[in-house]
Amino acid sequence: MSGKLYLVATPIGNLEDITLRALRVLREVDLIACEDTRHTRKLLAHYEISKPTVSYHDHNERERAADIIEKLKAGLNIALVSDAGTPLVSDPGFRLVRDSIDEGIRVVPIPGPSALVTALAASGLATAEFTFAGFLPARRYARRARLAQLAPLRSTLVFYEAPHRIKETLADARDVLGNRQTVVARELTKLHEQFIRGALSEIEIAETRGEIVLLIGPPTEDKNLEPARSILEEVEAAMREDGIDRKNALKRVARARHISKSEAYRLMLAEASAHELE
Ligand code: SAM
């Protein structure tokens, strides 16, 4: 009979944030597949758990998934952990889970911390509907295009962001999304945990280290927060005010937003259909 694949959530900072069930499973499995074995060994040492570990990360995922599946089929029980939080949430594991399911192996989630839910709960932003968009692209052009795709959504947007990029991302978000309510959640569950809250134009980042979740509230009706103009509105304004045709107006708006003309066109169509649905 096949063994089971356990997806075990581990702390995102404070080592006490691990469930009793997670600790029991880590003690009972035959093998622990880790994003970084040295990192996980510190957690295991803290809880006096001594288990064989094997690395499983983005660069060896293909071969390692096949190895691990062979072991599961041979009857071993295996836990998958990442460096922090819930495996597969912006972390390796997707291939292993998908292939295990295809092979009829039982996949057992062991829930626990994840930075996105931790940050959202304490953010004070709307929680009824949220969109987790992982990491934004590192390049400015692609990042602004991605933000423009997300702009029509009426949910809180949640991102993981690298500390050295947060200032640029806040500036891009301000331009593309308008001056929305925002929270920068830093170093969650750690000694220097911090929530910086305010409109995008007000947020000041003094510290450019530490782990960050960026949360941006939905578009608002608040008159004090200047809303972003839609691409359609900007195109129409350019045609009206500067007497240029639609094609040139679109070209100008795309250049101002640092996105391609075809992307601006696609987004304009999306805005128009979202508008029709309202
Ligand atoms: N699997 C993890 C989870 O469930 O949250 C996320 C892994 S992802 C590779 C790492 C990113 O998560 C960091 O760059 C940061 O954006 C966010 N993150 C992780 N721990 C955090 C913490 N303690 N405080 C703030 N953000 C954190």
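Up top you'll find the structure we're talking about.
Owing to the predicted nature of the structure, the values given are computational and were not obtained by experimental measurement.

### Details of helix H4 (residues 94-102)
Logical step 1: Those residues of H4 that fall on the buried side of the exposure criterion are Leu-96, Val-97, Asp-99 and Ser-100.
Logical step 2: Buried residues in H4 make contact with strand S1 (4-8), helix H3 (61-73), strand S4 (78-81) and strand S5 (106-110).

### Brief notes about the side chain of Thr-169
Logical step 1: Note that Thr-169 resides in helix H7 (residues 166-177).
Logical step 2: Apart from the residues within four sequence positions on either side, Thr-169 is in contact with Leu-136, Arg-143, Glu-161 and Leu-214.

### Observations concerning the site of the ligand
Logical step 1: In the vicinity of the ligand, 19 residues are found, and the nearest of them are Asp-91, Ser-114, Ala-115, Tyr-160 and Ile-212.
Logical step 2: Within the backbone of Ile-12, a nitrogen or oxygen atom sits 2.8 Å from a nitrogen atom of the ligand.
Logical step 3: Ile-212 places a polar main-chain atom, nitrogen or oxygen, 2.6 Å from an oxygen atom of the ligand.
Logical step 4: Taken by itself the ligand offers 570 Å² of open surface, and the protein chains cover 90% of this.
Logical step 5: Contributing elements (two or more residues each) for the shell around the ligand: strand S7 (156-161) and strand S10 (212-216).
Logical step 6: Across the shell around the ligand, the residue classes tally to 10 nonpolar, four polar and five charged.

### Observations regarding a positive patch on the surface
Logical step 1: Taken together, the side chains of Lys-247, Lys-251, Arg-255 and Lys-261 define a basic patch exposed on the protein surface.
Logical step 2: Positionally, Arg-255 belongs in helix H9 (residues 246-256).
Logical step 3: Judged by relative accessible area, which is 58%, Arg-255 ranks as exposed.

### Structural notes on the pattern of salt bridges
Logical step 1: Here the structure, examined in full by the defined rule, presents 15 salt bridges.
Logical step 2: With a shortest N-O distance of 3.0 Å, Glu-28 and Arg-24 are connected by a salt bridge. Residue Glu-28 and its partner Arg-24 are located together in helix H1 (residues 20-28), separated by four residues, close to a single helical turn.
Logical step 3: Arg-24 gets classed as partly exposed once you look at its relative accessible area, which sits at 40%.
Logical step 4: Close ionic contact of Arg-144 with Asp-172 constitutes a salt bridge, the shortest N to O distance being 2.8 Å. Of this pair, Arg-144 sits in helix H6 (residues 140-150) while Asp-172 sits in helix H7, and the two are 28 residues apart along the sequence.

What counts, and at which threshold
Residues numbered from 1 in each chain as written. Predicted model: local features only at pLDDT ≥ 70, side-chain atom pairs only at ≥ 80, totals over all residues. Heavy atoms only, no water. Buried < 20%, exposed > 50% of the residue type's maximum accessible area, 1.4 Å probe, protein only. Helix = DSSP H or I, 4+ residues; strand = E, 2+ residues; numbered from the N terminus. Contact = heavy atoms within 4.5 Å. Near = heavy atom within 4 Å. Polar contact = N/O pair within 3.5 Å; in protein donor to acceptor, adjacent residues only side chain to side chain. Areas by Shrake-Rupley, 256 points an atom, 1.4 Å probe, with all protein chains shown as cover. Nonpolar A, V, L, I, M, F, W, Y, C, P; charged D, E, K, R; others polar. Patch = residues over 30% accessible without salt bridge, like charges linked within 9 Å, V, L, I, M, F, W, Y side chains within 5 Å. Salt bridge = Lys/Arg side-chain N within 4 Å of Asp/Glu carboxyl O. Lys, Arg positive; Asp, Glu negative; His and termini not counted. Charge placed at Lys NZ, Arg CZ, Asp CG, Glu CD.

So far we have only geometry, and geometry alone does not tell us how the molecule works.
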